[in-house]
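Residues per chain, in single letters:
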Amino acid sequence: MKQEPVDIKTQIATLNLLDVDEIDWQRVQRTAYLIHQHFRYDYPGPVRELQQRLLIVPPAMYGDQKCIVHHLDVSAEVAETVNEVDEFGNVVIKLSIPAIDRSVDFEAWIVVERFTGSGPHELSGDVLSDVRYLEPSSLTRPDDALREVATMLSTGIQEPLTLAGRVNDWVHNALHYEHGATDIHTTAAQALALGRGVCQDYAHIMLALCRLCGVAARYVSGHLLGEGGTHAWVEVLVPAPEHSGTAMALAFDPTHGCKTDLHYITVAIGRDYYDAAPTSGTFQAPYRGQLTVRKMVGPISLEYAEGM
C-alpha cells in the first residue's frame, strides 16, 4: 500500500461533508467525495491464519473519476500486506493476520474526485469481444425464463444502446426491492423467479439479459450517495460512434431504472458480484464470523461551471 504521511487519517477524517440537497448538480463541474467504511468481524472464539481480501479502494483513474488518497487501519497485527491490480483493473488489498482473539476491524478513509464534460468513458475496442463480458458467469447463468425475456426484449431492436435501455427498464419493473430475500450466492435466474431482491440481483438479471442479447456488459460495485450499503449497477460496453476501434462504457442502474450520474462512485468491476465483492477471506476455526458494516459517503468540495 502506498505510504502516506503519519497524520493522513486525521486530515481525511476531519473533512466536513456538504449538504447534498443544497448542491445544484446541473452546474457541478468537479466534486470530491469522502468515503469512510468500517468492517468488523466478530467470532465466537479465537481464529488463526486469517487471509483477508478487500476491494474497497477505487482505481487510480476510471473514466472521469480519480482516487486522490486512501488510508486503511487494521485493529489486529498484520503479518503481511500485498497490494495488487487484478485482471479487471481492480485495486486488491490482501492481508495476512496470524491470530485474532474475538474480533478484527478494518477501517478505511478514501477521497475521490469526479469531473464533468470529459465525455463517455472510452476503452479499447477489444473489450467488445471480451468473453468475460459476453458469456454467462457463475451468478448470471440463464435459464429458459431469462432466454424468453431476452428474445422478447431484443425483437425489432438492433442498436445495442437502445437495447440496453430497454433491458434496464424491464429489469427495474421485474423485481420488488426487498432486503433478506436473497443472499450473495443468489443467481439471476433465482432472483427473477422469486421476483424480489436487492441491487446485486437487479444487476445480475440485467447482465444475463444483455449477454443473451449479444451486448457486452459488466458488473459494477461502488457507492451511491444517500444509500447505506455498497451499491451495484451495470456497465454496457458498446462501440464508440465517432472513434473507430474504440468502445464506450455506459452505466445503467436497473435498481432505480436510470442511467448513472455524479451521485455514483465506482470501486470495482467484474463478471458478477464474486469478482467485485468488497470483502472476503478465509481463516482457520470451527465456526463462522459475523460481519458488521458501517459506511459514510458524501461530497466534501465542488466547483461550479462558470456562466451557468
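One can find the structure itself at the top, above this paragraph.
A short tour of the structure in this document, coming up. Predicted, not measured: the structure shown is a model, and the values here were computed from it.

**Notes on the pattern of salt bridges**
Okay, so step 1: Scanning the model with the defined rule gives 13 salt bridges in all.
Okay, so step 2: One continuous salt-bridge network, built from bridges that share partners, spans Arg30, Glu113 and Glu303.

**So, the sheet that holds strand β2 (residues 47-54)**
Okay, so step 1: The four strands lie next to each other as β5-β6-β2-β16, forming an open sheet whose pairing is antiparallel. This sheet does not close on itself; its edge strands, each paired only once, are β5 (80-85) and β16 (279-284). Along the sheet, successive strands turn relative to each other by an average axial angle of 15 degrees, direction set aside.
Okay, so step 2: With five bridges connecting them, β2 and β16 associate as antiparallel partners. By the bridge assignment, Leu54 is partnered in β16 with Thr279.

**A short note on the nonpolar core**
Okay, so step 1: Leu146, Val167, Ile205, Met206, Leu209 and Val236 are the most contacted members of the largest nonpolar core, which has 42 residues in total.
Okay, so step 2: With nine residues, the top contributor of residues to this core is helix α6 (residues 199-212).
Okay, so step 3: Once residues lying within four places of it in the same chain are set aside, the contact partners of Met206 are Ala164, Val167, Asn168, Val171, Val234, Val236, Phe252 and Pro254.
Okay, so step 4: Counting 30 residues, the second-largest nonpolar core is a separate cluster that includes Val28, Val57, Leu72 and Leu95.

**What about the packing of helix α3 (residues 144-154) against α6?**
Packed helices, taken two at a time, are described by their axes: the angle between them and the distance between them.
Okay, so step 1: For the pair α3 and α6, interaxial distance at closest approach is 9 Å and the crossing angle is 60 degrees. Accordingly, the angle class assigned to the pair α3 and α6 is oblique. The interaxial crossing formed by α3 with α6 has right-handed handedness. Residues Leu146, Arg147, Val149, Ala150 and Leu153 of α3 form the contact with α6, whose participating residues are Ile205, Ala208, Leu209 and Leu212.

**Quick word on the sheet that holds strand β17 (residues 290-304)**
Okay, so step 1: Taken in spatial order, the five strands of this open sheet run β3-β4-β7-β1-β17, and their pairing is antiparallel. Of all the strands in the sheet, just β3 (61-62) and β17 have a single pairing partner and so form its edges.
Okay, so step 2: The pairing of strand β4 (residues 65-74) with strand β7 (residues 103-115) spans nine bridges and is antiparallel. Each residue of the ladder has a partner; that of His71, found in β7, is Trp109.

Calculation criteria
- Residues numbered from 1 in each chain as written.
- Predicted model: local features only at pLDDT ≥ 70, side-chain atom pairs only at ≥ 80, totals over all residues.
- Heavy atoms only, no water.
- Salt bridge = Lys/Arg side-chain N within 4 Å of Asp/Glu carboxyl O.
- Pairing = 2+ DSSP bridges.
- Helix = DSSP H or I, 4+ residues; strand = E, 2+ residues; numbered from the N terminus.
- Axes fitted to C-alpha atoms, helices over the stretch in contact; angles between N-to-C directions.
- Core = buried A, V, L, I, M, F, W, Y, C linked by side-chain atoms within 4.5 Å.
- Buried < 20%, exposed > 50% of the residue type's maximum accessible area, 1.4 Å probe, protein only.
- Contact = heavy atoms within 4.5 Å.
- Parallel < 35°, antiparallel > 145°, perpendicular 65-115°, else oblique.
- Left-handed = near helix turned anticlockwise from the far one by under 90°.

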